[in-house]
Amino acid sequence: MNAPEDPRQPTRNEEDGAPAPRPRDRDEQGRARNARPRDGLGRPLPYGSPGVARQPEGVSRTPDETLAEAQRLLDDGKPFHAHEVLEDAWKAAPEAERALWRGLAQLAVGLTHAARGNATGGAALLERGAAALARYAAAAPYGIDIDGLTAWARELTGRLAGDAPENGAAAGPVPAAGSAPRLRGHA
């Protein structure tokens, strides 16, 4: 096989001229990680396209920093990226808080699916995320508006199912920034 000039470009199979499989993208630690650029909703774009900067993985943040960064990304219409920030908190959280952070991440992914036009996937993740948060309603840790987020998830799920009185039909993609929840009641 011929070596490609650009490692992102496939080589050609010398026998039939068909593209040969490209080697898997790897991060600095050698783990498989897709290097394709992504749009604001996390969808992969063709190599060489301008994309949205990805969130670095494994960043240690305080809960306040996590919530502030996730809210900024949600407000900017980047719920997929907010999910990555919340996922870092979920992975690093003490056992008693993992369901909280996982639930928040699921809400962000639910909004991602809704903004991509996947009503079924969006509704499923919104319901799962709201259910995970329900056990924290009395405590409202870190000022998270559990009741408000649960109501938001229920309302958006209804819109996705076409139950909203203003439209009467199943919703198409929702605007990510315009549909973003408030993670904290006072934010």
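Residues numbered from 1 in each chain as written. Predicted model: local features only at pLDDT ≥ 70, side-chain atom pairs only at ≥ 80, totals over all residues. Heavy atoms only, no water.

Enquirer: So what's going on with the packing of helix α1 (residues 63–75) against helix α3 (residues 98–116)? Which residues, and what values?
Expert: A pair of packed helices is captured by two measures, namely the crossing angle of their axes and the spacing between those axes. Packing of α1 against α3 leaves a shortest axis separation of 12 Å and a crossing angle of 5°. Compared by their axis directions, α1 and α3 come out roughly parallel. Where α1 abuts α3, its residues P63, T66, L67 and L74 lie against W101, L104 and L111. Taken together, the residues of the contact of α1 with α3 sort by class into 6 nonpolar, 1 polar and no charged. (Axes fitted to C-alpha atoms, helices over the stretch in contact; angles between N-to-C directions. Helix = DSSP H or I, 4+ residues; strand = E, 2+ residues; numbered from the N terminus. Parallel < 35°, antiparallel > 145°, perpendicular 65-115°, else oblique. Contact = heavy atoms within 4.5 Å. Nonpolar A, V, L, I, M, F, W, Y, C, P; charged D, E, K, R; others polar.)

Enquirer: Explain the nonpolar core to me, using residue names and the numbers behind them.
Expert: Counting residues in hydrophobic clusters, the biggest one holds 33 residues, and the most contacted among them are L100, W101, L104 and L156. Sorting the residues of this core by element identifies α1, α2 (79–92), α3, α4 (119–134) and α5 (146–161) as the ones contributing at least two each. Per-element tally for this core: the top contributor is α3, with 9 residues. When neighbours within four sequence positions are excluded, L104 is seen to be in contact with L67, L86, L133, I144, L149 and L183. (Core = buried A, V, L, I, M, F, W, Y, C linked by side-chain atoms within 4.5 Å. Buried < 20%, exposed > 50% of the residue type's maximum accessible area, 1.4 Å probe, protein only.)

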